[in-house]
Amino acid sequence: MPPKNLKRKVTATDGTATPHVPSLAEQLSYLYLPRPFKNPEYAKNLNRRAKNLKNVMGQERERERADREKRRLEKMEKDAQDAMDVDGNEVVEDEVPSYLSIEAPPSVLPQKHYCDITGLEAPYTDPVTGLRYHDKDVYALIKEMATRGVNSIVK
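Residues numbered from 1 in each chain as written. Predicted model: local features only at pLDDT ≥ 70, side-chain atom pairs only at ≥ 80, totals over all residues. Heavy atoms only, no water.

## Regarding the overall build of the protein
When helices and strands are tallied, the protein shows 4 helices and 2 strands. Put simply, the protein runs from its N terminus to its C terminus through helices and strands in the order α-α-β-β-α-α. Within the span of the protein, comprising 155 residues, buried residues form 8% of the whole. The long-range fraction of contacts in the protein, counting pairs at least 24 apart against all pairs at least 6 apart in sequence, stands at 16%. Accessible surface for the protein amounts to roughly 15500 Å². Of this, 56% is attributable to carbon and sulfur atoms. (Helix = DSSP H or I, 4+ residues; strand = E, 2+ residues; numbered from the N terminus. Buried < 20%, exposed > 50% of the residue type's maximum accessible area, 1.4 Å probe, protein only. Contact = heavy atoms within 4.5 Å. Areas by Shrake-Rupley, 256 points an atom, 1.4 Å probe, with all protein chains shown as cover.)

Printed below as a string of structure tokens:
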């Protein structure tokens, strides 16, 4: 009679005698580890879709039209309240710049200066001639030209 606590060896059913040993890639894989950074209650919104440029521009135009209509109604209400004021002074409201309007306020950045010789950006100005130049090589050229009369060339 065999001993009671003796367990039989488990043999693989696929015919191999050795059990599966995970490879190094399988051991280091993060595939089956828990991901605490993912929200388990997250549900993707199926109604959300990507919009093409035509749709975006149409929505922008519609939003601008609604804003203009709202401003017009507010102005009409204000005019109705100020019916006794007969000055005739009309206040022109600034339009809000958008992707569709060309007009925009002036830039707050300083104006860029360009080299009079090369056309590149010019951080320097020659004090004698007033010409803007890009680097020392162009400055040497300006000094060489100064002897021939830069003012006649510039004008």
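## Description of the UniProt feature "domain: Vps72/YL1 C-terminal" (unreviewed entry) in the protein
What UniProt calls "domain: Vps72/YL1 C-terminal" (unreviewed entry) maps, in this numbering, to residues 113-142. Its end C-alpha atoms 17 Å apart, residues 113-142 is made of 23% helix and 13% strand. (UniProt positions renumbered as here; feature names shortened; annotations may be inferred.)

## Considering the environment of Lys143
Along the chain, Lys143 falls in helix H3 (residues 136-146). It is 9.3 Å that separates the C-alpha atoms of Lys143 and Val128, two residues lying 15 residues apart in sequence. Apart from the residues lying within four places of it in its own chain, the contact partners of Lys143 are Asp126 and Val128.

## Points about the packing of aromatic side chains
Tallied over the entire structure, the rule returns 2 aromatic pairs. Ring centres 5.5 Å apart and planes at 25° place the aromatic pair Tyr124 and Tyr133 in the stacked group. Taking the centre distance of 4.8 Å and the plane angle of 35° together, the rings of Tyr133 and Tyr139 count as tilted. A residue is classified by how much of its surface remains accessible, and Tyr133, at 12% relative accessible area, is buried. Taken together, the ring pairs connect Tyr124, Tyr133 and Tyr139 into an aromatic cluster. (Phe/Tyr/Trp six-rings, centres within 6.5 Å; stacked < 30°, edge-to-face > 60°.)

## Topic: the side chain of Asp126
Mapped onto the fold, Asp126 is located in the loop between strand S1 (124-125) and strand S2 (132-133). Engagement of the side chain of Asp126 in a polar contact is seen with the side chain of Thr129, the distance being 2.6 Å. The contact partners of Asp126, leaving out residues within four places of it in the chain, are Leu131, Tyr133, Tyr139, Ile142 and Lys143. (Polar contact = N/O pair within 3.5 Å; in protein donor to acceptor, adjacent residues only side chain to side chain.)

## Focus on the pattern of salt bridges
When the charged atoms of two side chains with opposite charge come close together, those side chains can pair. Counted under the stated rule, the structure contains 6 salt bridges. Here Glu60 ties to Arg63 by a salt bridge, and the two come within 2.9 Å at their closest N and O atoms. Note that Glu60 and Arg63 are positioned in helix H2 (residues 53-81) at a spacing of 3 residues, about one turn of the helix. Glu60 gets classed as buried once you look at its relative accessible area, which sits at 14%. Assessed through its relative accessible area of 44%, Arg63 is described here as partly exposed. A salt bridge links Lys143 to Asp126; the shortest N-O distance between them is 3.6 Å. Taken together, the residues span a long stretch of sequence, with Lys143 in helix H3 and Asp126 in the loop between S1 and S2 at a distance of 17 residues. Note on Lys143: relative accessible area 31%, which makes it partly exposed. Within the structure, one salt-bridge network assembled from shared partners comprises Glu60, Arg63 and Asp67. (Salt bridge = Lys/Arg side-chain N within 4 Å of Asp/Glu carboxyl O.)

## Description of H3
Residues of H3 that are buried include every one of Val138, Ile142 and Met145, and no others. All buried residues of H3 fall inside an arc of 60° around its axis, so they share one side. Set apart from the buried face of H3 by more than 90 degrees, the exposed residues are Lys136 and Asp137. (Arc of directions from axis to C-beta.)

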